[in-house]
Amino acid sequence: MRLTGPLLGAAAVLALAGCSSGGHTEAVPPTATGSLESLAAEVKCKPNMQTDADEIRQAICKNGDGRFILATFATDRGQREWINDAKDYGGHYLVGRKWVAVGDDGVVEALRGTLGGDVETGVDHHAHSG
C-alpha cells in the first residue's frame, strides 16, 4: 500500500519549516506512548488532522517550538515503511513506538526533550554538487 498523501504532507511541512540552529537536549526522557491526541497534548499543540485512517493518523501541529507533522501508526511495519519512504524527502524524524514527528532539526530536538524517542535524518539533497 502506498501512503502518497502522508508523504506529500511530510514534504509540505518540510518546505514550510524554517531553518534553525537547533539546540541539543541534555536529558532525554523515556519515549512517550499513546494516541495522536495524547502525544499532541504532551507537546502542547492542537492537532490539525490531515489523515484519519486505520493504518495511519496524521496531523499538522504547531507549538512554541515550531511547526511539525505528528503521525501515529497501527503497526510497527507500517511506521517503518512510511519513514523509509519519507526519508527520501530529507528532514528530521523523531521516532517513537508507532509514532513519528517530522520537522526541522530544532523542532525535533525540542520535541525530543518532551517525548523522548530516537532522531533519524533523511537524505540531504543539498549536499549534492553538480
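Residues numbered from 1 in each chain as written. Predicted model: local features only at pLDDT ≥ 70, side-chain atom pairs only at ≥ 80, totals over all residues. Heavy atoms only, no water.

**Q** Would you take a moment to explain the overall build of the protein for this structure?
**A** Along the backbone of the protein there are four helices and six strands. Reading the secondary structure of the protein in the N-to-C direction produces α-α-β-β-β-α-β-β-α-β. Out of the 130 residues in the protein, the part that is buried amounts to 39%. The contacts of the protein with a sequence gap of at least 6 include a subset with a gap of at least 24, amounting to 54%. Working note: accessible area of the protein is about 7100 Å², and carbon and sulfur atoms make up 49% of it. (Helix = DSSP H or I, 4+ residues; strand = E, 2+ residues; numbered from the N terminus. Buried < 20%, exposed > 50% of the residue type's maximum accessible area, 1.4 Å probe, protein only. Contact = heavy atoms within 4.5 Å. Areas by Shrake-Rupley, 256 points an atom, 1.4 Å probe, with all protein chains shown as cover.)

**Q** I'm lost on the confidence of the model for the protein in this one. Help?
**A** Detailed conclusions should not be drawn from predicted coordinates in areas where pLDDT is low. Overall, the prediction assigns the protein a mean pLDDT of 84, with 75% of residues at 70 or greater. Here residues 11–25 is a poorly scored stretch, pLDDT under 50, and it has 23 contacts once near neighbours within four places are set aside; other chains count. (pLDDT = per-residue confidence, 0-100.)

**Q** Explain the nonpolar core to me, please; I cannot follow it from the model alone.
**A** One recurring pattern in soluble globular proteins: nonpolar side chains tend to sit buried together. By size, the foremost hydrophobic cluster in this structure holds 17 residues, and its most contacted members are F68, L70, L94, A101, L111 and L115. Of all the elements in the fold, those that place two or more residues in this core are α2 (36–42), β2 (56–63), β3 (66–73), β5 (99–103) and α4 (105–115). Membership of the second largest hydrophobic core comes to eleven residues, among which are A71, F73, V100 and V102. (Core = buried A, V, L, I, M, F, W, Y, C linked by side-chain atoms within 4.5 Å.)

**Q** Would you take a moment to explain the sheet that holds β5 for this structure?
**A** Hydrogen bonding along the main chain pairs the strands of a sheet, whether they run parallel or antiparallel. Strand order in the open sheet made by the six strands is β1-β2-β3-β5-β4-β6, with antiparallel pairing throughout. At either margin of the open sheet sits one strand with a lone partner, and together these are β1 (48–52) and β6 (118–121). Each strand axis lies, on average, 20 degrees off the axis of its neighbour in the sheet, ignoring direction. Relative to β5, strand β4 (residues 92–96) runs antiparallel, the two being bridged by five bridges. Among the inter-strand pairings, L94 is bridged to a residue of β5, identified as A101. (Pairing = 2+ DSSP bridges. Axes fitted to C-alpha atoms, helices over the stretch in contact; angles between N-to-C directions.)

**Q** It is not clear to me how unusual backbone geometry should be interpreted in this structure. Could you clarify?
**A** Within the chain, K44 stands out as a residue other than glycine whose phi angle is a positive 60 degrees. Among the residues examined, K44 registers a relative accessible area of 69% and is labelled exposed. At K98, a position not held by glycine, the phi torsion is positive, near 65 degrees. Note on placement: K98 falls in the loop between β4 and β5.

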